[in-house]
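For reference, the chains in residue letters:
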Amino acid sequence: MHSGAVTAALSGIEEMLEIAGVSQMISVGNLGVWRASDYRDGSRLREYRSIDWYLARGRQTGRRGQLNASTITFDLMEEPWRRQEHHYDVILLESDIYNGGNTNFVLGVGTQASSAIISRHRLSRRYLPELPEDELIECYKTAVMHEVGHMLGLPGRFGTRGHLEESLGMHCTNTCLMRQRLRLEGWEELTADRLRRGSLCIECRREIVNFFQDMLPDGHFEPMESSEASFRPVGDDQFIPIGRR
Ligand SMILES: [Zn+2]
Ligand SMILES: [Zn+2]
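None of these values were measured; they are calculated from a predicted model. (Residues numbered from 1 in each chain as written. Chains lettered and ligands numbered in written order. Predicted model: local features only at pLDDT ≥ 70, side-chain atom pairs only at ≥ 80, totals over all residues.)

On to the overall build of the protein chain, then. Counting secondary structure elements, the protein chain contains 6 helices and 12 strands. Here the protein chain holds 245 residues, and 42% of them are scored as buried. (Helix = DSSP H or I, 4+ residues; strand = E, 2+ residues; numbered from the N terminus. Buried ≥ 20, exposed ≤ 12 C-beta atoms within 10 Å, placed from the backbone.)

What follows is the structure, given as structure tokens:
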């Protein structure tokens, strides 16, 4: 993946952890194109041992040219070491993805207390030809922060706040990057607002702080349903674990 996009994604993740007040407690590592040394058994990919295996599963259950992000999300939830060491997985993809349902595509999928998967495929010159590369990267950063926001319980986890809408998952309606946008052009708007007025609204800020304060002593939450970023009518992919320091 474009190194500028990876750098932007990492800084987006760090920014979310900073807002949550946990950047000193949680470390972010970049595994790059992750492959354990024993990831192959002859020509077979060993289960849970490489990004290749996760993506192959998404491809097998996907459709032409698109990975099924729900399969990858499920595999990340089921990975054997999830119970041994609490962590979050963020996967940055060049490949196009959809949610396994009746969407044309999604930019990303964020699952509470577990994972975020974000594709750069649609945030490219091919689909947004008028945007320069640096603005496309800022849009990708917005999408990463949005899915990481879902991963960290945003928005409306407690059902005690306003300014929410149910639109393919719960979303914020304030000036905030947790708003839903069903068209790619909407992500330009969210990005412009993020750069001009900040990332999260006051209600989402409060919630993301509470997310970590409400964590169980073993660092776990019960996984909940996923939310998807953007809907409308495979390259070198990155794998970023976020663990407890
Ligand atoms: Zn908000
Ligand atoms: Zn969303």
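Once you've had a look at it, read on.
Here the focus is helix α2 (residues 51-60). The complete set of buried residues in α2 reads Ile51, Tyr54, Leu55 and Gly58. Projected down its long axis, α2 shows its buried positions confined to an angular sector of 90°, all on one face. (Arc of directions from axis to C-beta.)

As a packed pair, helix α1 (residues 3-20) and helix α4 (residues 133-151) sit with axes 8 Å apart at the nearest point and diverge in direction by 40°. Put simply, α1 runs oblique to α4. For the element pair α1 and α4, the recorded crossing hand is right-handed. Residue-level inspection shows Gly4, Ala5, Ala8, Ala9, Gly12, Ile13, Glu15 and Met16 of α1 in contact with α4, the latter providing Ile137, Glu138, Tyr140, Lys141, Val144, Met145, Val148 and Gly149. (Axes fitted to C-alpha atoms, helices over the stretch in contact; angles between N-to-C directions. Parallel < 35°, antiparallel > 145°, perpendicular 65-115°, else oblique. Left-handed = near helix turned anticlockwise from the far one by under 90°. Contact = placed C-beta atoms within 7 Å.)

This brings us to unusual backbone geometry. Between Leu154 and the following residue, Pro155, the backbone shows a cis peptide bond with an omega angle of -20°. Looking at the element boundaries, Pro155 is found in the loop between α4 and β9 (164-166). Despite not being glycine, Leu168 has its phi angle at roughly 50°, a positive value. Position of Leu168 relative to the elements: it lies in the loop between β9 and β10 (170-172).

Let's shift gears to the pairing of strand β7 (residues 108-111). A regular strand carries its side chains on alternate faces of the sheet. The side-chain alternation of β7 yields two buried faces, one formed by Gly108 and Gly110 and the other by Val109 and Thr111. Bridge count for β7 against strand β8 (residues 115-119) is 4 bridges, and the pairing is antiparallel. In the strand pairing of β8, Thr111 is matched with Ser115. (Pairing = 2+ DSSP bridges.)

Glancing now at the confidence of the model for the protein chain. Caution applies to low-pLDDT parts of the model: their predicted coordinates are not meant to be read in detail. Confidence along the protein chain averages 88 in pLDDT terms, with 87% of residues attaining 70 or more. Confidence over residues 229-236 falls short of pLDDT 50; this stretch has 31 contacts with residues more than four positions distant or in other chains. (pLDDT = per-residue confidence, 0-100.)

Here Ala9 lies in helix α1. On the neighbour-count criterion, Ala9 (26 C-beta atoms within 10 Å) is buried. Between the alpha carbons of Ala9 and Leu92 there is a distance of 8.1 Å; along the sequence they are 83 residues apart. If sequence neighbours within four positions are ignored, Ala9 has contacts with Leu92, Tyr140, Lys141 and Val144.

Take the environment of Arg125 next. Position of Arg125 relative to the elements: it lies in the loop between β8 and α4. C-alpha separation for the pair Arg125 and Leu136, spaced 11 residues apart in sequence, amounts to 7.9 Å.

Okay, the environment of Gly4 next. Structurally, Gly4 is set in helix α1. Classification of Gly4 by C-beta neighbours within 10 Å gives partly exposed; the count is 14. With 133 residues separating them in the primary sequence, Gly4 and Ile137 have C-alpha atoms 7.2 Å apart.

Next up on the list: the pairing of β8. Of all 5 residues making up β8, 5 are buried, and the element is well covered by its neighbours. Residues Ser115, Ile117 and Ser119 of β8 are buried on one face, and the alternating residues Ala116 and Ile118, pointing to the opposite face, are buried as well. One ladder, built from 5 bridges, connects strand β5 (residues 87-93) with β8; its direction is parallel. When the bridges of β8 are listed, Leu93 appears paired with Ser119. Linkage of β7 to β8, two consecutive antiparallel strands, is achieved through a turn of 3 residues, within which Ala113 is found at a positive phi near 65°.

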